[in-house]
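Below, each chain spelled out in residue letters.
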Amino acid sequence: MAKPVMVVTTGDPVPRVAEERGDFARLIEEAIGTAWDGRFDAFDARHLPGPDPEGAAAYVITGSAAHVQDREPWVVRTEAWLRCVVTAGVPTLGICFGHQLLAQALGGEVHRNPRGREIGTVEIERLGDDPLFDGLPPRFGANATHLDSVLRLPPGTVVLARSSLEHHQALRFAPACYGVQFHPEIDGQVMQRYLEARREVLKAESIDADALMATVGDAPEGRRVIENFFRHVVAHRAALPRPQPGPQSAEPRGTPDRFR
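Everything numeric here is computed off the predicted structure, so don't read it as measured data.

Draft legend 1. Highlighting the environment of Ala239. Tracing the backbone shows Ala239 in helix 8 (residues 220-239). Measuring from C-alpha to C-alpha, the distance between Ala239 and Glu200 comes to 49 Å, with 39 residues separating the pair along the chain.

So, in structure tokens, the structure goes:
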């Protein structure tokens, strides 16, 4: 049986979104749409260790209200597993917290964004060409909600996009490994629900939730980024010749020395 796409759950949407639309895995499946015609599976990294790194066609890591820098045991465990995934070359896309988790796992640093909270439909500026942006203009809209940011990049990381409050909106960590700080799976309705849920917090930070709600949209161009990841990055790896097992193929799996 063909390998599934595995959604790595690291958090839950705000309650009203979970009630109306489902969990992050459901939102991500909807956003991917026809760009993937195979199976989906999911595991909750907060409660379970990662599976065989090469057991999926691709991994998508969800957002979360957790903070990478708090160094909870499940976060540290998942980072070690992700290093094995990236070393194996399995296509991987981190979204928001997932983007930050990959950055920290690969040698970067995540902290509170010194420019403040970013929330709502924001303008993303491309900084170069990449299959992730196929068919997208130099500037496009995407939905975002985050407090933390990748402030120090892992070695070899390429910055692909930024916004006014976030200098690292899209990163390429490795040929098949990407992170996006924005949420390609969040449409206008979901973004509205986040603004409603955060209204009192935003008020305390002198942010006008009503003004932001008036500018919220479905951001289909931001959504296209996740489709492009599957149409180009995942499809490219699937088309590569599969390596033949050899005498050294039975080495035990584990965290590579260079990532310890």
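Following the structure, the description resumes.
Draft legend 2. Geometry of helix 5 (residues 188-197). Of all the positions in helix 5, only Gly188, Val190, Met191, Arg193, Tyr194 and Leu195 are classed as buried. Those residues of helix 5 that are buried are in contact with helix 1 (15-21), helix 2 (24-32), strand 6 (118-126), strand 7 (139-146), helix 6 (199-204) and helix 7 (209-213). The N-cap residue of helix 5 is Asp187: its side-chain oxygen and the backbone nitrogen of Gln189 are 3.3 Å apart.

Draft legend 3. Focus on the nonpolar core. Counting 35 residues, the largest nonpolar core has Phe133 and Phe230 as the members making the most contacts within it. Considering each element in turn, this core owes the most residues, six residues, to helix 8. Among all residues touching Phe230, those that are not within four sequence positions of it are Val5, Ile32, Ala35, Trp36, Ala58, Val60 and Ala235. Counting residues in hydrophobic clusters, the runner-up holds 27 residues, among them Phe43, Ala56, Val90 and Val150.

Draft legend 4. Broad picture of the state of the cysteines. Scanning the entire structure with this criterion turns up zero disulfides. Not part of a disulfide, Cys177 finds its nearest cysteine sulfur in Cys84, a span of 13 Å.

Draft legend 5. Molecular detail of the packing of helix 3 (residues 73-88) against helix 4 (residues 97-105). Taken N-terminus to C-terminus, the directions of helix 3 and helix 4 make an angle of 75°; their axes are 9 Å apart at the nearest point. The orientation of helix 3 relative to helix 4 falls into the category roughly perpendicular. Residue-level contacts link Trp74, Val75, Thr78, Glu79, Leu82, Arg83 and Val86 of helix 3 to Phe97, Leu101, Leu102, Gln104 and Ala105 of helix 4. Looking at the contact of helix 3 with helix 4 residue by residue, the classes come out as eight nonpolar, two polar and two charged.

Draft legend 6. View of the sheet that holds strand 6. Taken in spatial order, the nine strands line up as 2-1-3-4-11-10-9-6-7 in an open sheet, and their pairing is mixed. Two strands in the sheet have a free side with no partner beyond their single neighbour: strand 2 (40-44) and strand 7. Going across the sheet, the axis of each strand differs from the next one's by a mean of 25°, ignoring polarity. Pairing of strand 9 (residues 158-162) with strand 10 (residues 170-174) involves three bridges; the strand directions are antiparallel. Directly across from Val159, in strand 10, lies its bridge partner Leu171. Packing of helix 4 onto the sheet brings it into contact with strand 3 (58-61), strand 4 (92-95), strand 10 and strand 11 (177-180), and relative to strand 4 it is tilted by some 120°.

Draft legend 7. Representation of unusual backbone geometry. You will see that Cys96, though not glycine, has its phi angle at about 55°, which is positive. By the element assignment, Cys96 lies in the loop between strand 4 and helix 4. Despite not being glycine, Ser206 shows a phi value in the positive range, around 60°. Take Ser206: it is sitting in the loop between helix 6 and helix 7. Judged by relative accessible area, Ser206 falls into the exposed class, the value being 69%.

Calculation criteria
- Residues numbered from 1 in each chain as written.
- Predicted model: local features only at pLDDT ≥ 70, side-chain atom pairs only at ≥ 80, totals over all residues.
- Heavy atoms only, no water.
- Helix = DSSP H or I, 4+ residues; strand = E, 2+ residues; numbered from the N terminus.
- Buried < 20%, exposed > 50% of the residue type's maximum accessible area, 1.4 Å probe, protein only.
- Contact = heavy atoms within 4.5 Å.
- Polar contact = N/O pair within 3.5 Å; in protein donor to acceptor, adjacent residues only side chain to side chain.
- Core = buried A, V, L, I, M, F, W, Y, C linked by side-chain atoms within 4.5 Å.
- Disulfide = S-S within 2.5 Å.
- Axes fitted to C-alpha atoms, helices over the stretch in contact; angles between N-to-C directions.
- Parallel < 35°, antiparallel > 145°, perpendicular 65-115°, else oblique.
- Nonpolar A, V, L, I, M, F, W, Y, C, P; charged D, E, K, R; others polar.
- Pairing = 2+ DSSP bridges.

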